[in-house]
Amino acid sequence: MATTASFIIVSRNDIPIYEAEVGSATKREDAAQLHQFVLHAALDIVQDLAWTTSAMFLKNIDRFNDLVVSVYVTAGHTRLMLLHDSRNDDGIKSFFQEVHELYIKVLLNPLYLPGARIASSHFDTKVRALARKYL
Amino acid sequence: MIGASKIKQYSNVLEKPLSKGKQEVSLSAFAFLFSELVQYNQTQVDNIAELERRLEDAGYAVGARCLELLCHREKVYHIIVKLCVMFMPFWLSQGNRRETRLLGILSFVHSTVWKVLFGKVADSLEKGTEHEDEYMISEKELLVNRFISIPKDMGTFNCGAFVAGIVRGVLDSAGFPAVVTAHFVPMEGQQRPRTTILIKFAEEVLRREARLG
């Protein structure tokens, strides 16, 4: 498992709808803010890159010291972003694909408004389990 | 329950595998539900434009979800498609892919979305002759209009607004904002007019297309 990893889902309207610190490293108070900041900065790059390729998985699009940002852009332009320090590309790709499937299940709920915060505790548990499995 | 077979119970929706989209819904059940949707909305509005807008909004929510689900399913189709490339050239390029080009997303709507929703590809997809930014999807007998006749006093109202909403939902979510409207077009030698879904893309979409070349 990766020592540092921060996962965030950003809606089409650039609003974060899900956030999780999924690394095994002991939490430092300011780390979460730093991770948010780096991921936020990477959004601009994603916006440009997303139209140049039709692939969903964009790996290592941005870096900050030894932290790397990988992104998965879904068909509806929801972005799954992961800040990580591991180099396990296959694991990250599988992680994204499985979370994507979970996201679709949440989205298909007629009572869920696209772009709203994902507050489901089941979703949270599942994402954390996937992170332990793949990252 | 009528015809209830044993359905596996899942503790929550995230455990349940995504449907493969093989089941079909009874047409009469759909028609009944749709007629209720129209009638209910009719009681909430005082003009035709408002009614069309409400139907369109109902469709939009369907379209936005369709896009995400179908693009995910395409990935599964990809293997099968390799075997029948000659018959469905459109599908070839889509395996865990997003559509980034205008024609790609239009053919996605015309074939993939239509096939899932109505069991067949749309009758035709044409480019507007007068304007560069207009495209039309025509259907001789649109499923939602099959059991619907419009009273004379309701003028140009078309229940296809619901389908127009679905198309707008797909396009908008995929990053191709457009104004989509449904119209009746009379056909020679036919009693019933056909329905044309008119798509007018936003300026930014065409600018981006030009840039991508």
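Residues numbered from 1 in each chain as written. Chains lettered and ligands numbered in written order. Predicted model: local features only at pLDDT ≥ 70, side-chain atom pairs only at ≥ 80, totals over all residues.

- Under an unreviewed UniProt entry, the name given to chain B is Trafficking protein particle complex subunit, and the source organism is Linum tenue.
- UniProt lists a comment for chain B under the heading Sequence similarities (unreviewed entry), and it reads "Belongs to the TRAPP small subunits family. BET3 subfamily."
- As recorded by UniProt, the Subunit (unreviewed entry) comment attached to chain B reads in full: "Part of the multisubunit TRAPP (transport protein particle) complex." (UniProt positions renumbered as here; feature names shortened; annotations may be inferred.)

- Looking at an unreviewed UniProt entry, chain A carries the name Trafficking protein particle complex subunit 2, with the source organism given as Linum tenue.

### Focus on the sheet that holds strand E2 (residues 134–139) of chain B
Residues and elements named next belong to chain B.
For step 1, the next point in the chain: Reading across from one edge, E1-E2-E4-E3 is the order of the four strands in this open sheet, with antiparallel pairing throughout. Either end of the sheet is taken by a strand with one partner, and the two such strands are strand E1 (124–127) and strand E3 (178–185). When the angles between neighbouring strand axes are averaged without regard to direction, this sheet yields 20°.
For step 2, the next point in the chain: Here E1 runs beside E2; their pairing, made up of four bridges, is antiparallel. Bridging across to E2, Ser124 finds its partner in Ser138.
For step 3, the next point in the chain: Packed on one face of the sheet, helix H4 (residues 161–173) meets E3 and strand E4 (194–201) and runs near 155° to E3. (Pairing = 2+ DSSP bridges. Helix = DSSP H or I, 4+ residues; strand = E, 2+ residues; numbered from the N terminus. Axes fitted to C-alpha atoms, helices over the stretch in contact; angles between N-to-C directions. Contact = placed C-beta atoms within 7 Å.)

### Regarding helix H2 (residues 89–108) of chain A
For step 1, the next point in the chain: With 20 residues, H2(A) ought to run about 28 Å at 1.5 Å a step, and its terminal C-alpha atoms sit 29 Å apart, in line with that.
For step 2, the next point in the chain: When H2(A) is considered as a whole, its buried residues turn out to be Ile92(A), Phe95(A), Phe96(A), Val99(A), His100(A), Tyr103(A), Ile104(A), Lys105(A) and Leu107(A). (Expected span 1.5 Å × (residues − 1). Buried ≥ 20, exposed ≤ 12 C-beta atoms within 10 Å, placed from the backbone.)

### Quick look at the sheet that holds strand E2 (residues 16–21) of chain A
Residue and element names in this part refer to chain A.
For step 1, the next point in the chain: The five strands are arranged E2-E1-E5-E4-E3 in an open sheet whose pairing can be described as antiparallel. Either end of the sheet is taken by a strand with one partner, and the two such strands are E2 and strand E3 (57–64). For this sheet, the mean inter-axis angle between neighbouring strands, taken without regard to orientation, is 15°.
For step 2, the next point in the chain: Bridge count for strand E1 (residues 5–10) against E2 is five bridges, and the pairing is antiparallel. Each bridged residue has a counterpart across the sheet, and for Ser6 the counterpart in E2 is Glu21.
For step 3, the next point in the chain: Along the sheet, H2 makes contact with E1, E3, strand E4 (67–73) and strand E5 (79–84), crossing E5 at roughly 145°.

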